[in-house]
Amino acid sequence: MEEMIFFDNAKANVTSFFEKEFENFPPLLMSHFLNKFNDLLNYSEEGCNIRPQIVFTNNIEAIVKAIPKSHALTLFEDTEATMFNSRLKSILAIANRDWCLFIDIKEGKISYGLVMSFSSIKDRNFIRCLEENTTLKDRPTKIHCIVARPLNFYTMKLHSITGNDLLVNFSLDKSKCNFFATEVREFVDATFSKLRTTQRKLQDMKNMYFNIFSNAMSIVNGTICVIVDKDYKDNGLFEDGIWLKEPISFSKLFTQSKSYSEEKLQAFAELFVNMLNFDGITIIDNQGRLRAYNVFVETNSKKVGYIVGGARKRAAYYILSSKKKDIVGVYFQSHEGEVIFQAMKPAAPKKPKPKKDTTN
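Residues numbered from 1 in each chain as written. Predicted model: local features only at pLDDT ≥ 70, side-chain atom pairs only at ≥ 80, totals over all residues. Heavy atoms only, no water.

Before we move on, can you summarise the overall build of the chain with the specific residues and values?
Each helix and strand in the chain was counted, giving 11 helices and 15 strands. Of all 360 residues assigned to the chain, the portion counted as buried reaches 49%. Of the contacts formed within the chain by residues at least 6 apart in sequence, a portion of 66% connects residues at least 24 apart. For the chain, the exposed surface amounts to about 19,500 Å²; the carbon and sulfur share of it is 50%. (Helix = DSSP H or I, 4+ residues; strand = E, 2+ residues; numbered from the N terminus. Buried < 20%, exposed > 50% of the residue type's maximum accessible area, 1.4 Å probe, protein only. Contact = heavy atoms within 4.5 Å. Areas by Shrake-Rupley, 256 points an atom, 1.4 Å probe, with all protein chains shown as cover.)

In structure tokens:
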């Protein structure tokens, strides 16, 4: 007997979320969005993966005013939702990095376009500002806004400005239900655990690293980034790689002058992404300095055990299994968007050997 299973529960919950968070959302637009839902988790144009961030709202103008240095560019205006798929295809092909697609829904008009915040790379990006905004929901004129964005190939996050979230996961493997923001925040905290600077500069650098890895989610095809101690000296584990003669210190880029160079900071951030996207492992230390890239390790399957995944994942777990005290943690991202950060657990102390009984 043939058995077929549908994810109707997800469909019902997504519909219910929109009904609760966005009054009078057009039924035809809802139908088109649900039909496109799975495709958005694994969307690509011209062979390039795109992590589409979609803002559904009824007042894009108010949102732009509420988010510092943001700008909306309207590209299409329709009277009904029949062109939804065509509009998405046209806009997502040019939406990358921090550009987000917006769909502004007013009576008798649906507008499609792009929106982003032209802030510094050390500031929160548009989506983070929108998700953390606490004033829009309290406006006397009712504003509806739902952000839909894939976290990986399996998970879509829906966030309303009321503060409510819905996570829809289509993976049958619970290990793939990790969520990007939590993993990256833990990674970023570990990256700057030994940097001594002002609280403001520390937060700026953490924001920058978070933005870099947010962009890397939609650009790189998978990566491993290893955090080592600031005084790390390689003893052979990472010898097969390119070590920088002078580490790239983002903290120095902030402190070299009273007014740092945004262009220089952006250029080094892009270089960091290029390293992450290059074959092998990128190594940084816990002062946030770039130390090496294109690093390879020879894995030992007996030591790691059975790992479901490709060479990168096996390498990540091999490094963790080394138990080296001067390795702080390992960040792994698969080409499907699975993200793992794991701090290095110190090796268990060796038990002292029992003394031989020398008594007669």
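More follows now that the structure is in view.
Got a sec to walk through a nonpolar patch on the surface? Specific residues and values, please.
A contiguous nonpolar surface patch, about 250 Å² in accessible area, is contributed by L73, L75 and I94. Considering the arrangement of structural elements, one finds L73 in strand β4 (residues 70-78). (Patch = residues over 30% accessible without salt bridge, like charges linked within 9 Å, V, L, I, M, F, W, Y side chains within 5 Å. Salt bridge = Lys/Arg side-chain N within 4 Å of Asp/Glu carboxyl O.)

Give me the lowdown on the side chain of S334, citing residues and values where you can.
Tracing the chain through its elements places S334 in the loop between β14 (327-333) and β15 (339-343). When near neighbours in sequence (up to four residues on either side) are disregarded, S334 contacts N221 and G222.

I'd like a description of the nonpolar core, backed by residues and values.
Where a protein is soluble and globular, its nonpolar side chains tend to be buried together. Grouped together as the largest cluster of nonpolar side chains are 36 residues, with contacts concentrated most on V14, F18, F33, F56, I103 and L158. It is helix α2 (residues 27-41) that provides the largest number of residues to this core, a total of seven residues. Ignoring anything within four residues of it in the chain, the contact list for F18 reads F25, M30, F33, F56, I146 and L158. The next biggest cluster of nonpolar side chains, apart from the first, holds 33 residues, and it includes V220, F272, Y331 and V339. (Core = buried A, V, L, I, M, F, W, Y, C linked by side-chain atoms within 4.5 Å.)

Could you give an account of the environment of I63, with specific residues and numbers?
Within the secondary structure, I63 is located in helix α3 (residues 60-66). When the C-alpha positions of I63 and L130 are compared, they lie 7.9 Å apart, and in sequence the two are 67 residues distant. Ignoring any residue separated from it by four or fewer positions in sequence, one finds I63 in contact with T57, S70, F126, L130, L136 and C145.

Tell me about the pairing of strand β10 (residues 223-228), and please be specific about residues and values.
Taking burial as the measure, the six residues of β10 include six buried ones, the bulk of the element. Judged by which residues are buried, β10 turns out to be covered on both faces: T223, C225 and I227 on one side and I224, V226 and V228 on the other are all buried. Where β10 lies against β14, six bridges are found, and the strand directions are antiparallel. Each residue of the ladder has a partner; that of T223, found in β14, is Q333. (Pairing = 2+ DSSP bridges.)

Go over the sheet that holds strand β3 (residues 54-57), please, and point to the residues and values.
In spatial order, the strands read β4-β6-β5-β3-β7-β8-β9; together these seven strands make up an open sheet with mixed pairing. Whereas interior strands pair on both sides, the edge strands pair on one side only; in this sheet they are β4 and β9 (165-169). Averaged over all pairs of adjacent strands, the angle between strand axes in this sheet comes to 20°, irrespective of strand direction. As defined by bridge partners, β3 adjoins strand β7 (residues 145-150) across four bridges and the pair is classed as antiparallel. For I54, the partnering residue across the bridge sits in β7 and is A148. (Axes fitted to C-alpha atoms, helices over the stretch in contact; angles between N-to-C directions.)

So what about the sheet that holds strand β12 (residues 281-285)? Which residues, and what values?
Spatially, the six strands line up as an open sheet ordered β11-β13-β12-β10-β14-β15, and their pairing is mixed. Sheet topology places β11 (240-249) and β15 at the edges, where each strand pairs with a single neighbour. Direction aside, the axes of adjacent strands within the sheet are offset by 15° on average. Those strands touched by helix α11 (residues 311-321) are β10, β12, β14 and β15, and its axis lies near 165° from that of β14.

Explain α2 residue by residue, including any values.
Given a rise of 1.5 Å per residue, 15 residues ought to cover 21 Å, and the 22 Å separating the end C-alpha atoms of α2 matches this to within 8%. Looking at α2, one finds that the buried residues are L29, M30, H32, F33, L34, K36, F37, L40 and L41. (Expected span 1.5 Å × (residues − 1).)

Would you mind going over helix α1 (residues 8-21) in detail, with residue names and values included?
Here α1 spans 20 Å end to end across 14 residues, near enough to the 20 Å set by a 1.5 Å rise per residue. Those residues of α1 that fall on the buried side of the exposure criterion are A10, V14, F17, F18 and E21. One face of α1 carries all of its buried residues, which in axial projection span an arc of 95°. Within α1, the exposed residues directed more than 90 degrees away from the buried face are N9, E19 and K20. (Arc of directions from axis to C-beta.)

Give a description of the packing of aromatic side chains that names residues and reports values.
Under the counting rule described, the total for this entry stands at 21 aromatic pairs. On the basis of an interplanar angle of 55° and a centroid distance of 5.4 Å, the ring pair of Y209 and F272 is categorised as tilted. Here the residue Y209 occupies a position in helix α7 (residues 199-219), and F272 occupies one in helix α9 (residues 262-277), the gap between them amounting to 63 residues. Since its relative accessible area comes to 0%, Y209 is described here as buried. Here the aromatic cluster, defined as three or more aromatic residues joined through ring pairs, consists of F187, F192, Y209, F213, F250, F272, Y331 and F341. Taking the ring centre of F210 as reference, the NZ or CZ of R128 above it sits at 4.5 Å. (Phe/Tyr/Trp six-rings, centres within 6.5 Å; stacked < 30°, edge-to-face > 60°. Lys NZ or Arg CZ within 6 Å of the ring centre and 35° of its normal.)

That is the geometry; function is a separate question.
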